[in-house]
Amino acid sequence: MHVIDGRRIAGGIEKKIAEEIAHDKPHVSTILVRGNEESELYAKLKEKACRRVGFESETIAFDEGATEKEILGEIKRLNDDREVHGIMVQLPMPGIDYGKVVNAIDPAKDVEGVHPFNMGMTLLNREFLVPCTPLAVIKILEHEGVEVRGKDVVIVNHSNIVGKPLAAMMLNRNATVSVCHVYTDDLMKYTGNADIIVSGAGVKGLITEKHVGEGSIVIDVGIVKEGEKVYGDVDFDSVKEKAGMITPVPGGVGPVTIACMLENSLRAYRGVAARSHRKN
Ligand SMILES: NC(=O)c1ccc[n+]([C@@H]2O[C@H](COP(=O)([O-])OP(=O)(O)OC[C@H]3O[C@@H](n4cnc5c(N)ncnc54)[C@H](OP(=O)(O)O)[C@@H]3O)[C@@H](O)[C@H]2O)c1
């Protein structure tokens, strides 16, 4: 059994980005509504990651009670600003229609790959800016030399930012995909026969050794916080005895997701810079 080192993979991606942008300065802006400790922490993590590779980064923080009009106005300003190459929106945004906010982002600056245009492109096998967590799963498998073509992949999650785009990305790579969720009758029936299991339910210990076939690859996207401790969906100690490869939590998908946000930002930077150049 091999424990996949997400921090090392992320470090490699970041190093390559830092080398590639030596003379450039991609600028990424995050919009945040204050009042949620965790979301403020994530915004800080993203800013730190941007600085590590030499990007410019800012968090635009609104006070609790900010209106949809204010947020949409800020997005318009960032869309129009040629010096801004990437826009992220930190959830939760209480009382604000997230769909409207996402729709307002210029798809070329959508570094989290959540705009309907980018989702559609992903579904059409024309991936450009894809959601960061599914991209992290793909990057991890690529890094570990796992070919997904022809493999049975089971995804436990059907959310818009994880399960659905990941299913499309796996299909784009010719895997055979099953997507499970809370209404799936017999989860084990699917996971037990899978070559690759990707679980992101956010339920501690959901995937036990009984769910996993001998030698299968287990990627744990789940994050469950209990006090200071962080757990995944997978009962790591029992599953690691049976799996061929496994990601830990923490130190697995999380750091690679951040690195993928940086990679998307670089891609957006190149696209936006080329567009500005054409307009000049
Ligand atoms: N590592 C990272 O970088 C990263 C990034 C993003 C998210 N996450 C973590 O990944 C998890 C999912 O995030 P999300 O935003 O996609 O959350 P979400 O929207 O709540 O989605 C959870 C998914 O899991 C399914 N599910 C929940 N309980 C289940 C169960 N007992 N059996 C089978 N399926 C079940 C849900 O089905 P229903 O919709 O039918 O309930 C849903 O499809 C969370 O723990 C989150 O913290 C990690």
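Residues numbered from 1 in each chain as written. Predicted model: local features only at pLDDT ≥ 70, side-chain atom pairs only at ≥ 80, totals over all residues.

1. Side note on the sheet that holds strand β1 (residues 2-3)
Ordered by their spatial adjacency, six strands build an open sheet running β1-β11-β8-β7-β5-β6, and the pairing between neighbours is parallel. The open sheet is flanked by β1 and β6 (176-180), the only strands paired with a single partner. Inspection of the sheet shows strand β5 (residues 152-156) paired to β6 by five bridges, in the parallel sense. Across the sheet, Ile 155 pairs through a bridge with Val 179, a residue of β6. Docked against the sheet, helix α7 (residues 163-172) engages β5, β6 and β7 (196-199), running at close to 170° with respect to β6. (Pairing = 2+ DSSP bridges. Helix = DSSP H or I, 4+ residues; strand = E, 2+ residues; numbered from the N terminus. Contact = placed C-beta atoms within 7 Å. Axes fitted to C-alpha atoms, helices over the stretch in contact; angles between N-to-C directions.)

2. Side note on the confidence of the model for the protein
Per-residue pLDDT for the protein averages 96, and the proportion of residues at 70 or more is 99%. When pLDDT is averaged over each element of the protein, β5 comes out on top at 99 and helix α10 (residues 253-279) at the bottom at 89. (pLDDT = per-residue confidence, 0-100.)

3. A word on unusual backbone geometry
In this model, Leu 91 is joined to Pro 92 through a cis peptide bond whose omega is 0°. Note that Pro 92 resides in the loop between β4 (86-89) and α4 (98-104). Between Val 249 and the following residue, Pro 250, the backbone shows a cis peptide bond with an omega angle of 0°. Along the chain, Pro 250 turns up in the loop between β11 (245-246) and α10. In this structure, Asn 125 is a non-glycine residue whose phi angle is positive, near 60°. Here Asn 125 lies in the loop between α5 (116-123) and α6 (132-143). Although it is not a glycine, Asn 157 sits at a positive phi angle of roughly 160°. Note that Asn 157 resides in the loop between β5 and α7.

4. Describing the sheet that holds strand β3 (residues 56-62)
Read from one edge to the other, the open sheet built from three strands follows the order β3-β2-β4, with strand pairing classed as parallel. Edge positions in the sheet fall to β3 and β4, since each of these pairs with one other strand and no more. Shown here is a sheet whose adjacent strand axes are inclined to one another by a mean of 20°, direction ignored. Strand direction decides the pairing type here: strand β2 (residues 27-33) and β4, joined by four bridges, are parallel. Directly across from Ile 31, in β4, lies its bridge partner Val 89. In the packing of helix α2 (residues 37-53) onto the sheet, the strands contacted are β2, β3 and β4, and the crossing angle to β2 comes to about 170°.

5. Description of the packing of helix α1 (residues 6-20) against α6
One way to put it is that α1 packs onto α6 with a least axis distance of 11 Å and a crossing angle of 95°. It follows from the interaxial angle that α1 and α6 lie roughly perpendicular. Together, Gly 6, Ile 9 and Ile 13 of α1 and Lys 139, Ile 140 and His 143 of α6 make up the contact between the two elements. Counted by class, the contact of α1 with α6 contains three nonpolar, two polar and one charged residues. (Parallel < 35°, antiparallel > 145°, perpendicular 65-115°, else oblique. Nonpolar A, V, L, I, M, F, W, Y, C, P; charged D, E, K, R; others polar.)

6. What about the environment of Met 1?
Along the chain, the position of Met 1 falls in the segment before β1. Judged by the 12 C-beta atoms lying within 10 Å of it, Met 1 falls in the exposed class. Apart from residues lying up to four places away in sequence, Met 1 is in contact with Lys 240, Glu 241, Ala 243, Gly 244 and Ile 246. (Buried ≥ 20, exposed ≤ 12 C-beta atoms within 10 Å, placed from the backbone.)

7. Some thoughts on the site of the ligand
Surrounding the ligand, one finds 25 residues, the nearest of these being Ser 159, Val 182, Gly 202, Ile 223 and Thr 257. Across the shell around the ligand, the residue classes break down as 13 nonpolar, twelve polar and no charged. (Near = placed C-beta within 6 Å.)

8. Details of the nonpolar core
Formed by 78 residues in total, the largest nonpolar core has its most connected members in Val 153 and Val 218. The greatest single-element share of this core, amounting to eleven residues, is contributed by α10. If you count residues domain by domain, this core takes at least three from each of domain 1 (25-108) and domain 2 (132-255). Residues contacting Val 153, with those up to four places away along its chain left out, are Val 148, Met 170, Ala 175, Thr 176, Val 177, Ala 194, Asp 195, Ile 196 and Val 198. (Core = buried A, V, L, I, M, F, W, Y, C linked by C-beta atoms within 7 Å. Domains from an automatic or database assignment.)

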